[in-house]
Amino acid sequence: MSHTVGIRRTQKLRTRQALLDAALGLLEHQSLSGLGLREVTRAAGVTPTAFYRHFDDTAALGAALVEEALGSLHGTLRAIVDESRDGDERLERGLELIIRHVSDQPAHFRFIAREQHGGVKAVRDAIAAQLRQFGREVAEVLAEEPESRGWSEEDLLMLGGLHVDHLVITTSALLEAGPDGEREVAEVARRRLRLIALGRRHWLD
């Protein structure tokens with residue numbers, strides 16, 4: 001019996017992933033607000049009824065794509081923080097992580113860039129929630145550094161949000177530039193990070 005349950009669970013996960021992959025492929029050429037359920041199920045090779053076993057609607061599917069694109073980054077960034085010796089190293093490794101993820105998953109990040117201000121509120125909210133979480137996590141790390149002595153919680157959250165905004169801008173630039181322009185985008189990103197770091201050191205002056 002347990003073997004049968006395991007097979008069914010595996011098949012269910014495969015169907016869910018097939019729907020996500022199919023939607024992501026279709027979203028290379030259109031926005032989520034224009035995506036039809038039947039388009040997705042046809043591309044995934046499943047029935048419309050099967051769709052509803054996994055998602056309430058295409059908005060819920062879009063929110064799942066947001067989680068797939070950004071959710072795993074939280075743990076990876078936390079590992080970078082725990083393993084890095086100083087702030088500059090953390091920033092450099094964090095930038096390298098973003099560059100690698102954009103290179104490995106360009107369709108996911110094009111989806112995020114398009115839908116961040118798109119027409120589906122549930123997806124906009126999901127993206128905003130992920131970015132706020134990143135901002136809080138960055139602020140928590142920054143609060144532990146000597147340069148943050150005397151900073152208010154509000155200002156640390158502002159600084160965390162500034163770093164996240166910078167990564168969002170960098171992601172968009174990487175998508176626009178493509179592999180040939182990656183080095184130039186990365187160098188500009190590093191210079192901007194240095195500028196943020198300089199401003200941070202003098203914020204309380």
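Everything discussed here concerns the structure shown above.
Residues numbered from 1 in each chain as written. Predicted model: local features only at pLDDT ≥ 70, side-chain atom pairs only at ≥ 80, totals over all residues. Heavy atoms only, no water.

What follows covers the overall build of the chain. Per the secondary structure count, the chain includes 10 helices and 0 strands. Starting at the N terminus and ending at the C terminus, the chain contains elements arranged as α-α-α-α-α-α-α-α-α-α. Classification of the 205 residues of the chain by burial places 39% in the buried group. Long-range contacts, defined here as pairs at least 24 residues apart, represent 65% of the contacts in the chain between residues at least 6 apart. Taken as a whole, the chain presents about 12000 Å² of accessible surface, with 52% of it coming from carbon and sulfur. Of the charged side chains in the chain, 27 are positive and 32 negative, and the gap between their average positions amounts to 6 Å. (Helix = DSSP H or I, 4+ residues; strand = E, 2+ residues; numbered from the N terminus. Buried < 20%, exposed > 50% of the residue type's maximum accessible area, 1.4 Å probe, protein only. Contact = heavy atoms within 4.5 Å. Areas by Shrake-Rupley, 256 points an atom, 1.4 Å probe, with all protein chains shown as cover. Lys, Arg positive; Asp, Glu negative; His and termini not counted. Charge placed at Lys NZ, Arg CZ, Asp CG, Glu CD.)

The α-helix winds at 3.6 residues per turn, so residues separated by three or four positions along the chain end up facing the same way. End to end, helix α6 (residues 87-104) covers 26 Å across 18 residues, agreeing with the expected 26 Å (1.5 Å per residue, within 8%). For α6, the set of buried residues is Arg90, Gly94, Leu95, Leu97, Ile98, Ile99, His101 and Val102. Tucked into the core, α6 has its buried residues touching α5 (73-83), α7 (106-115), α8 (121-143), α9 (153-177) and α10 (182-201). (Expected span 1.5 Å × (residues − 1).)

Attention now goes to the layout of surface pockets. Roughly 860 Å³ of volume is contained in the largest pocket. Looking at the largest pocket, it is lined by 43 residues, and the ones nearest its centre are Leu77, Leu91, Val138, His163 and Leu167. If you list the elements that add at least two residues to the lining of the largest pocket, you get α5, α6, α7, α8, α9 and α10. Among the residues making up the lining of the largest pocket, the classes are represented as 25 nonpolar, 8 polar and 10 charged. (1 Å grid on protein atoms, 1.4 Å probe; cavity = no way out; pocket = protein on both sides within 12 Å on 5 of 7 lines; lining within 4 Å. Points joined across faces, edges and corners; volume = space filled by probe spheres on them. Nonpolar A, V, L, I, M, F, W, Y, C, P; charged D, E, K, R; others polar.)

Spatial relationships are all this shows, so hold off on functional conclusions.
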